[in-house]
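Residue-level structure breakdown
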Amino acid sequence: MESKEIIELLSKKIEVNSYINISEFLENNNLKNIKIKDLIKEIERNYNTKLILDSKNTEVYSYELVYNYFKLVLFKSLETGNDIDLSSDDFKAFKPDDLIRIFSVIDSEFFNYLLDNIH
């Protein structure tokens, strides 16, 4: 089975469970002789707007789940006036590049929202 097909199968499973342990997924689906390293590269290269890998490359999360979680954390921090600590336990599971990328998307959407409502 090709990496693309495995990732599509993985994506369908994540739609139900929100996240998956890669090794367990491969084992439970009898997908042997699959290099996890190649699968990870494929996810990072071609599926990073649909799937997010954890910092240890052991679990895959739904992009929407992570995005919405970060959005809630950001708006809660705005409401309480507390700064967001990206080194806290809330964010340790994710790669810094993904944190920045997702927060940048949220910031951009927020500023676009403000601009739309000013005019």
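Up top is the structure.
One structure accompanies this document, and this report is about it. (Residues numbered from 1 in each chain as written. Predicted model: local features only at pLDDT ≥ 70, side-chain atom pairs only at ≥ 80, totals over all residues. Heavy atoms only, no water.)

Moving on, we get to the packing of aromatic side chains. Applying the stated rule across the entire model yields 8 aromatic pairs. Aromatic pair Tyr-19 and Tyr-61: ring centres 5.3 Å apart, planes at 20°, arrangement stacked. Of this pair, Tyr-19 sits in strand β1 (residues 19-21) while Tyr-61 sits in strand β3 (residues 59-62); the two residues are 42 residues apart in sequence, bridging distant segments of the chain. With centroids separated by 6.0 Å and ring planes inclined at 50°, the aromatic side chains of Tyr-69 and Phe-70 adopt a geometry described as tilted. Exposure remark for Tyr-69: the relative accessible area of 33% places this residue in the partly exposed category. We classify Phe-70 as buried; its relative accessible area is 0%. Taken together through their ring pairs, the aromatic side chains of Tyr-19, Tyr-61, Tyr-69, Phe-70, Phe-91, Phe-94 and Phe-103 make up a single cluster. (Phe/Tyr/Trp six-rings, centres within 6.5 Å; stacked < 30°, edge-to-face > 60°. Helix = DSSP H or I, 4+ residues; strand = E, 2+ residues; numbered from the N terminus. Buried < 20%, exposed > 50% of the residue type's maximum accessible area, 1.4 Å probe, protein only.)

To continue, consider helix α3 (residues 36-46). Three or more residues of α3 are buried, namely Leu-39, Ile-40, Glu-42 and Ile-43. The buried residues of α3 all sit within an arc of 160° when viewed along its axis, so they share a single face. Of the residues in α3, the exposed ones pointing more than 90 degrees away from the buried face are Lys-37 and Arg-45. Buried-residue contacts for α3 involve α1 (3-17), α2 (22-28), β2 (51-53) and β3. (Arc of directions from axis to C-beta. Contact = heavy atoms within 4.5 Å.)

Time to look at the nonpolar core. Ranked by size, the top nonpolar core spans 16 residues in total, and within it Leu-10, Ile-22, Phe-25, Leu-26, Ile-43, Leu-51 and Val-60 carry the most contacts. Secondary structure elements with two or more residues in this core: α1, α2, α3 and β2. Here this core takes 4 residues from α1, the largest share from any one element. Dropping the residues within four chain positions of it, Leu-26 is found in contact with Ile-6, Leu-31, Ile-34, Ile-36 and Leu-39. Within the second largest apolar cluster, 14 residues are counted, among which are Ile-52, Tyr-61, Val-66 and Val-73. (Core = buried A, V, L, I, M, F, W, Y, C linked by side-chain atoms within 4.5 Å.)

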